[in-house]
Amino acid sequence: MKEKAEIYRRAVEDLMSEFLPVLDHVELALKAVGASTSNDPVTEGFRIVAGQFDAALKRVGLEPVETKGKQFDHNLHEAISHIIDETVPENMVISQVRKGYTLGGKLVRAAQVVVAGRKQPVPAVEPEKKAEPGKTEAVKPVAPEHEKNPV
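Below: a short report on this structure. (Residues numbered from 1 in each chain as written. Predicted model: local features only at pLDDT ≥ 70, side-chain atom pairs only at ≥ 80, totals over all residues. Heavy atoms only, no water.)

### Thoughts on the packing of aromatic side chains
In the structure shown here, the tally under the stated rule is one aromatic pair. Plain terms: the ring middles of Phe-19 and Phe-53 are 5.6 Å apart, the flat faces sit at 80° to each other, and that makes the pair edge-to-face. Taken together, the residues Phe-19 in helix α1 (residues 2-33) and Phe-53 in helix α2 (residues 41-59) connect sequence positions 34 residues apart. Take Phe-19: its relative accessible area is 29%, and that puts it in the partly exposed class. (Phe/Tyr/Trp six-rings, centres within 6.5 Å; stacked < 30°, edge-to-face > 60°. Helix = DSSP H or I, 4+ residues; strand = E, 2+ residues; numbered from the N terminus. Buried < 20%, exposed > 50% of the residue type's maximum accessible area, 1.4 Å probe, protein only.)

Printed below as a string of structure tokens:
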């Protein structure tokens, strides 16, 4: 029974991976149509089909990953960009580029998000010393980064 349940779970995960791009395109199409109050029967029919598709995916356990107003979580989110925004707390999700989904509590696809960052202070750079004519300075070898701070 346990092996059968595992096979079923994997099959559903594989199927959801195939359906997610379709779901993305359905949502993009609905977004393009916008909140139009047009009585266009094709648009209305598309909205109905999209709603049925979404409900069917939820019935098998597919849930969207929450991003709005959430702290960035590398277990659920994929940061595709950082934006300096002093009005938003650091590491907060500013916007979602692509939805992420879980299936039965397991991540199927991470949400692609834009994350708030902070300006990093620019380290002061010492001016270069110019060697006096006719004199050369010895160059001190520098250890690779991983040898400077042993773990």
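Alright, that's what it looks like, and here's the rest.
### Considerations on the packing of α1 against α2
One way to put it is that α1 packs onto α2 with a least axis distance of 11 Å and a crossing angle of 145°. For the element pair α1 and α2, the recorded crossing hand is left-handed. Judged by residue contacts, Met-16, Phe-19, Val-22, Leu-23, Val-26, Ala-29, Leu-30 and Val-33 of α1 engage Thr-43, Phe-46, Arg-47, Ala-50, Phe-53 and Leu-57 from α2. Of the residues belonging to the contact of α1 with α2, the class tally is 12 nonpolar, one polar and one charged. (Axes fitted to C-alpha atoms, helices over the stretch in contact; angles between N-to-C directions. Left-handed = near helix turned anticlockwise from the far one by under 90°. Contact = heavy atoms within 4.5 Å. Nonpolar A, V, L, I, M, F, W, Y, C, P; charged D, E, K, R; others polar.)

### A word on unusual backbone geometry
For Asn-91, which is not a glycine, the phi torsion comes out positive at approximately 70°. With respect to the element layout, Asn-91 can be found in the loop between β2 (77-84) and β3 (93-98).

### Describing the pattern of salt bridges
What the rule picks out here adds up to eight salt bridges. Two residues, Arg-47 and Glu-44, come together in a salt bridge whose shortest N-O distance is 3.7 Å. Of this pair, Arg-47 and Glu-44 both sit in helix α2, three residues apart, which is roughly one turn of that helix. On the basis of relative accessibility, which here comes to 24%, the residue Arg-47 falls in the partly exposed class. In this structure, Asp-54 and Lys-58 form a salt bridge, with 3.7 Å as the shortest nitrogen-oxygen distance. Placement of both Asp-54 and Lys-58 in helix α2 is noted, with a separation of four residues, approximately one turn of the helix. Classification of Lys-58 by relative accessible area gives partly exposed; the value is 42%. Through salt bridges with shared partners, one network takes in Glu-6, Arg-9, Arg-10, Glu-13 and Lys-106. (Salt bridge = Lys/Arg side-chain N within 4 Å of Asp/Glu carboxyl O.)

### Focus: α1
Relative to the 46 Å expected for 32 residues at 1.5 Å per residue, α1 spans 45 Å between its end C-alpha atoms, a close match to the ideal helical length. Taking the largest bend as the criterion, α1 deviates by roughly 30°, centred on Phe-19, and proline Pro-21 comes between one and four positions later. Of all the positions in α1, only Val-12, Glu-13, Met-16, Leu-20, Leu-23, Asp-24 and Val-26 are classed as buried. Note on α1: the residue one or two positions beyond its end, Gly-34, has a positive phi of about 75°. (Expected span 1.5 Å × (residues − 1). Bend = angle between axes of the 7 residues up to and from the residue.)

What is shown is where atoms sit, not what they do.
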